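Coordinate analysis (summary)
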Number of protein chains: 2
Amino acid sequence: MILDWKEVAKKIYEELKKDILKLEKKPKLWVILVWNNPSSIRYINQKQKYAKEVWIDFELFSFDENVLEKDLLEKINILNNDESISWYIVQLPLPRHIDEKTIINSISPKKDVDWFHTINQWKIVIWDESWLTPCTPSGILEIFKYYNIDLIWKNIVVVWRSNIVWKPIANMLINKQSTVTICNSKTKNIEFFTKNADIVILALWKPNFLTLDKIGDNTIVIDVGFTVIDWKIYWDACFWEILQNWNPITPVPWWVWVLTVAMLLKNTYKAFFYNSQIEI
Amino acid sequence: MILDWKEVAKKIYEELKKDILKLEKKPKLWVILVWNNPSSIRYINQKQKYAKEVWIDFELFSFDENVLEKDLLEKINILNNDESISWYIVQLPLPRHIDEKTIINSISPKKDVDWFHTINQWKIVIWDESWLTPCTPSGILEIFKYYNIDLIWKNIVVVWRSNIVWKPIANMLINKQSTVTICNSKTKNIEFFTKNADIVILALWKPNFLTLDKIGDNTIVIDVGFTVIDWKIYWDACFWEILQNWNPITPVPWWVWVLTVAMLLKNTYKAFFYNSQIEI
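Remember, predicted model here, so these are calculated numbers, not experimental data. (Residues numbered from 1 in each chain as written. Chains lettered and ligands numbered in written order. Predicted model: local features only at pLDDT ≥ 70, side-chain atom pairs only at ≥ 80, totals over all residues. Heavy atoms only, no water.)

This next bit is on the overall build of chain A. The number of helices and strands found in chain A is ten helices and nine strands. For 280 residues, the compact-globule estimate of 2.2 N^0.38 gives 19 Å, and the C-alpha radius of gyration of chain A, at 19 Å, lies within 12% of that figure. If you line up chain A on its principal axes, its C-alpha atoms span 55 × 40 × 35 Å. Out of the 280 residues in chain A, the part that is buried amounts to 56%. For chain A, the exposed surface amounts to about 12,500 Å²; the carbon and sulfur share of it is 54%. A gap of 2 Å separates the mean positions of the 33 positive and 33 negative side-chain charges of chain A. (Helix = DSSP H or I, 4+ residues; strand = E, 2+ residues; numbered from the N terminus. Rg over C-alpha atoms; globule rule 2.2 N^0.38 Å. Buried < 20%, exposed > 50% of the residue type's maximum accessible area, 1.4 Å probe, protein only. Areas by Shrake-Rupley, 256 points an atom, 1.4 Å probe, with all protein chains shown as cover. Lys, Arg positive; Asp, Glu negative; His and termini not counted. Charge placed at Lys NZ, Arg CZ, Asp CG, Glu CD.)

Looking at the assigned domains, one finds that chain A contains domain 1 (17–111) and domain 2 (135–256). Domain 1 of chain A and domain 2 of chain A are separated by 29 Å when their C-alpha centres are compared. (Domains from an automatic or database assignment.)

Glancing now at the sheet that holds strand 3 (residues 88–90) of chain B. All names here are of chain B. With parallel pairing, three strands are arranged side by side in an open sheet as 2-1-3. Since the sheet does not close on itself, it has two edges, and those belong to strand 2 (57–64) and strand 3, each with one partner. Averaged over all neighbouring strand pairs, the angle between strand axes comes to 20 degrees, with direction disregarded. Helix-sheet contacts for helix 3 (residues 69–81) involve strand 1 (28–35), strand 2 and strand 3, and the interaxial angle to strand 1 is about 175 degrees. (Pairing = 2+ DSSP bridges. Axes fitted to C-alpha atoms, helices over the stretch in contact; angles between N-to-C directions. Contact = heavy atoms within 4.5 Å.)

Here eight strands make up an open sheet; going across it, the order is 7(A)-6(A)-4(A)-5(A)-5(B)-4(B)-6(B)-7(B) and the pairing mixed. Edge positions in the sheet fall to strand 7 (220–223) of chain A together with strand 7 (220–223) of chain B, since each has one partner strand and no second. On average, adjacent strands in this sheet sit at an angle of 15 degrees to one another, irrespective of strand direction. Looking at chain direction, strand 6 (residues 199–203) of chain A and strand 7 of chain A are connected through four bridges and run parallel. Bridge assignment links Ile199 of chain A to a residue of strand 7 of chain A, and that residue is Ile220 of chain A.

Taken together, the contact between chain A and chain B spans 30 residues of the former and 29 residues of the latter. In total, chain A and chain B occlude about 2,900 Å² of area from one another, counting both sides; carbon and sulfur atoms represent 61% of this. Taken together, the links from chain A to chain B amount to two salt bridges. Its salt-bridge partner being Asp198 of chain A, residue Lys188 of chain B comes within 2.9 Å of it at the nearest N-O pair. Along the contact surface separating chain A from chain B lie nine residue pairs in polar contact (both at pLDDT 80 or more). Those elements that provide at least two residues to the side of chain A that touches chain B are helix 5 (118–125), strand 4 (155–160), helix 7 (163–175), strand 5 (179–183) and helix 8 (191–196) of chain A. For the side of chain A that touches chain B, the element with the highest residue contribution is helix 7 of chain A, accounting for six residues. Taken together, the residues that form the side of chain A that touches chain B break down as 13 nonpolar, twelve polar and five charged. Sheet topology places strand 5 of chain A next to strand 5 (residues 179–183) of chain B; three bridges connect them, and they run antiparallel. Among the inter-strand pairings, Ile182 of chain A is bridged to a residue of strand 5 of chain B, identified as Val180 of chain B. (Buried area = accessible area lost by both parts, 1.4 Å probe. Salt bridge = Lys/Arg side-chain N within 4 Å of Asp/Glu carboxyl O. Polar contact = N/O pair within 3.5 Å; in protein donor to acceptor, adjacent residues only side chain to side chain. Nonpolar A, V, L, I, M, F, W, Y, C, P; charged D, E, K, R; others polar.)

Now for the side chain of Thr187 of chain A. Within the secondary structure, Thr187 of chain A sits in the loop between strand 5 and helix 8. Within the structure, the side chain of Thr187 of chain A is placed 2.9 Å from the backbone nitrogen of Asn184 of chain A, a separation counted as a polar contact. Beyond its immediate stretch of four places on either side in the chain, Thr187 of chain A contacts Phe193 of chain A together with Asn155 and Thr179 of chain B.

If you look at the biggest cluster of nonpolar residues, it comprises 203 residues, and the most contacted ones within it are Ile222 of chain A together with Ile222 of chain B. Ile222 of chain A has contacts with Leu3, Trp5, Ile140, Ile143, Phe144, Ile199, Val200, Ile201, Leu202 and Thr250 of chain A, leaving out every residue within four places of it along the chain. (Core = buried A, V, L, I, M, F, W, Y, C linked by side-chain atoms within 4.5 Å.)

Let's shift gears to the packing of aromatic side chains. Overall, the coordinates contain 17 aromatic pairs over all chains when judged by the stated rule. Ring geometry for Trp235 of chain B versus Phe239 of chain B: centroids 5.8 Å apart, planes at 80 degrees, classification edge-to-face. Like Phe239 of chain B, Trp235 of chain B is buried. Each ring, one from Phe239 of chain B and one from Trp240 of chain B, has its centre 4.8 Å from the other, and the planes form 75 degrees; the classification is edge-to-face. An aromatic cluster is defined as three or more aromatic residues linked by ring pairs; in this entry it consists of Phe192 and Phe193 of chain A together with Phe192 and Phe193 of chain B. Against the face of Trp55 of chain A rests Lys17 of chain A, its NZ or CZ located 5.9 Å from the ring centre. Positioned over the ring face of Tyr43 of chain B is Lys47 of chain B, at 4.4 Å from the centre of the ring. (Phe/Tyr/Trp six-rings, centres within 6.5 Å; stacked < 30°, edge-to-face > 60°. Lys NZ or Arg CZ within 6 Å of the ring centre and 35° of its normal.)

What follows concerns the relation of the copies chain A and chain B. Least-squares fitting of chain A to chain B yields an RMSD of 0.1 Å, with the transformation described by 0.1 Å of translation along the axis and a rotation of 179 degrees. Interpreted geometrically, this transformation is the action of a two-fold axis. The C-alpha atom lying nearest the rotation axis in chain A is that of Thr181 of chain A; the distance is 2.0 Å. Both copies share a contact surface, since 97% of the interface residues of chain A are interface residues in chain B too. (Least-squares fit on C-alpha atoms with pLDDT ≥ 70 in both.)

Residues and elements named next belong to chain A. By the definition in use, this model includes 17 salt bridges over all chains. Note that Asp19 and Lys22 form a salt bridge whose closest N and O atoms lie 3.4 Å from each other. Among the ionic pairs, Lys28 bridges to Glu59, the shortest N-O distance being 2.6 Å. Taken together, the residues span a long stretch of sequence, with Lys28 in strand 1 (residues 28–35) and Glu59 in strand 2 (residues 57–64) at a distance of 31 residues. Judged by its relative accessible area of 23%, Lys28 is partly exposed. Residues joined by salt bridges that share partners form a network here, namely Glu142, Lys145 and Lys266.

Pasting the structure below:
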């Protein structure tokens, strides 16, 4: 059975349209883009396309790939202090000569709709999910909601490499009373955990890491990690053999993008809506 | 084999004495104590006794058990603004009519040597252990260090109820590349995890929860949780039957206090030392 990111995203967009129609003013998303990386640009095109679809205005600040870190920081400083700009994102990845963490943490936490800023990541960990939540992890939770997958008392295994995904998702799941095992690539006898898991979430970026023999017959597989080698995409999970065993699995991780974008636009709407209601 | 909190604490005190002897000025610990709870008072006596032993000055601000929350907050506000007071703790538990979270989070994070303030708890989660760390969790790490128990690639199970213990310890262990499973009292078939664990850390406060048949022959048991019923102490782990199977286990959790106190005094020294070096 396929857990289709696109189906879930479609539902989110439908709800978003309903909500945004009710607003007097259109929300807007501001984006800093460095033209260095094809995937950044592909990503931005997606964001712009779907923003338009749900009537969210979109403004791009472009920099060429030789931009200096100090120039980006200067622009961020301007946006942070510009009252007319409520929030914005910096599209990742950035060129190697720029430190992503420095850039992300120089964005004002109040204007960070990607919810990447360290301070915003902290909030999840102390169970404060009242405001915004990071896009990919909350997108994964939307899948469980959409397919009525109950999380309480479930055994969930998160195989991680990148902090930006595992930390929020693990903490959000624990907040839902799941039993969570956080594995890394060095975990000995990892099948022990994955075979017994109700749900395995992969964010390891290791081609074909999760073979069918490593999971139980009913294990649900959420695959976020993928690797591109010679223009061919490899996923953390062996998608086809797992699918043929009827395990519920998310399709090519390419599509995680679709859901991440949907959640970003939902964050943009939420930020806009809350801003108009309360003082943050 | 007994993992003796007291042995470890002894070593910490010896090191502390060496370090404090090198200082020109004696460090000092300020304490707010509400005289309501025998265990608070027992705890404070321990802290005062050991502080004296390592030449840390100790000043007590006492309140009777009918003290109002606003009076405590007022005192905290005074301490926060008093330059001559570098850090202090509020001894828990507090009387029922006072909200502990409100009190803890009103302490200036910079003066919070207990490292209980939400902001300080966050710091651990983002892997910033450069400054201070919370006393009980870092005390547990000291045990592993003292008995040369390597943590990397180990399977560690944390059975929790109180956030104040599990969140920091789980995150500190993940930072050390352990594979960590966070269970709660609702976890189905918990033996599955505990039997396979290299280390089980109990902070569940459920009498005799961990029986010998639930663990492996080499599983190390760290028992933080205990319950007092009719003046009798019950531990989360069945101490004697586990000890008789030669599993390494910590002795009566009563002694976790000894180590927590040692770590508090170590924090006090560290805060004093860093303060004299750097601007925080």
